[in-house]
Amino acid sequence: MDPSVVIGLLLAFGSVVAIVTMEGASISALLLPPPMILVFGATLAVGLAGNTLRDTVQAFKAVPKALLGKAPRPQESIDKIIQLAEKARAEGLLALESEATDTKDPFLSRALQNVADGTDAEELRIMMEDEIGTKARADHASSKFFAALGGYAPTIGIIGTVVSLTHVLENLSDPGKLGPMIASAFVATLWGLLSANFIWHPFSSRIARLSELEVERMTLIMEGVLAVQEGAQPMLLADRLRAMVPDHHFKGNGKADAKENARAAA
């Protein structure tokens, strides 16, 4: 699990708790069921209305991965490709069939099986690019769904506040109740803003970012497998693949350490 998720959400909600406590208010004053039900319930409802049911289900299936998913490690993919390149040069492309069976990565497995089966390089590139494009579109739909919820939530919070203030105006004859009633009326707006900026938009951004990293990983594998099929020299291929990855994605001193480790292993 990426600690940034936990750290970010704890700091965000902790800041709200801190300011409420420092102002001398009570947290229970914000945890009012009616406005929370309206904001969360109506937000999800209009999100569903604006998308297909399959899109909605797929978006919520992406939530566990957004919370628990780790960023891909490019060095692991590069090391694997170099291993495959060395094996292909030593034993031939047919030897990659056993690797296709053993690997746990479905994308890499299908690519290696096609190489072993003698699929034309251009056809293989088209197939892999299509799969990468499909993955990117599916993730974009999930990210877009939560971005839409983030847009709906503040407006729905305002609707809740307007409804509550209407009730306040009905009780102007009792001034003693106006203060608490007005305060509770604005809780709906608060939850609309909180849910949008502390939940829905972060979910959208994280799904989009993890998707970008996964697409980069798949592209790295695609270029590597196609180079292996062409018989590329392993060390030159390693340098080429590392050039495709930003330096900060490598541990330690970045690409320099990665290159030295690869040469030492070879």
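Everything in this summary refers to the structure shown in the same document. (Residues numbered from 1 in each chain as written. Predicted model: local features only at pLDDT ≥ 70, side-chain atom pairs only at ≥ 80, totals over all residues. Heavy atoms only, no water.)

**Some words on the packing of helix 4 (residues 74–91) against helix 9 (residues 187–230)**
- Helix 9 packs onto helix 4 with a crossing angle of 15° between their chain directions and a minimal axis gap of 10 Å. Classed by the angle they form, the pair helix 4 and helix 9 counts as roughly parallel. The interaxial crossing formed by helix 4 with helix 9 has right-handed handedness. Packed against helix 4, whose contacting residues are P74, S77, I78, I81, L84, A85 and A88, the element helix 9 presents R217, L220, I221, G224, V225 and V228 at the interface.
- Residues belonging to the contact of helix 4 with helix 9 are distributed by class as follows: ten nonpolar, two polar and one charged. (Axes fitted to C-alpha atoms, helices over the stretch in contact; angles between N-to-C directions. Helix = DSSP H or I, 4+ residues; strand = E, 2+ residues; numbered from the N terminus. Parallel < 35°, antiparallel > 145°, perpendicular 65-115°, else oblique. Left-handed = near helix turned anticlockwise from the far one by under 90°. Contact = heavy atoms within 4.5 Å. Nonpolar A, V, L, I, M, F, W, Y, C, P; charged D, E, K, R; others polar.)

**Quick look at the pattern of salt bridges**
- As enumerated under the stated definition, the model contains twelve salt bridges in all.
- Across the pair K87 and E99 runs a salt bridge whose closest N-O atoms are separated by 3.1 Å. Taken together, the residues K87 in helix 4 and E99 in helix 5 (residues 96–102) connect sequence positions twelve residues apart. Neither K87 nor E99 differs from the other in exposure class; each is buried. (Salt bridge = Lys/Arg side-chain N within 4 Å of Asp/Glu carboxyl O. Buried < 20%, exposed > 50% of the residue type's maximum accessible area, 1.4 Å probe, protein only.)

**Focus on the nonpolar core**
- By size, the foremost hydrophobic cluster in this structure holds 30 residues, and its most contacted members are I81, L96, L108, L112, V225, V228 and L237.
- Those elements that provide at least two residues to this core are helix 4, helix 5, helix 6 (106–116), helix 7 (121–169), helix 9 and helix 10 (234–243).
- When residues in this core are grouped by element, the largest group, nine residues, is from helix 9.
- Other than its neighbours up to four places away in sequence, I81 contacts L108, I221, G224, V225, V228, L237 and L241.
- Within the second largest apolar cluster, 13 residues are counted, among which are A59, F146, L149 and W200. (Core = buried A, V, L, I, M, F, W, Y, C linked by side-chain atoms within 4.5 Å.)

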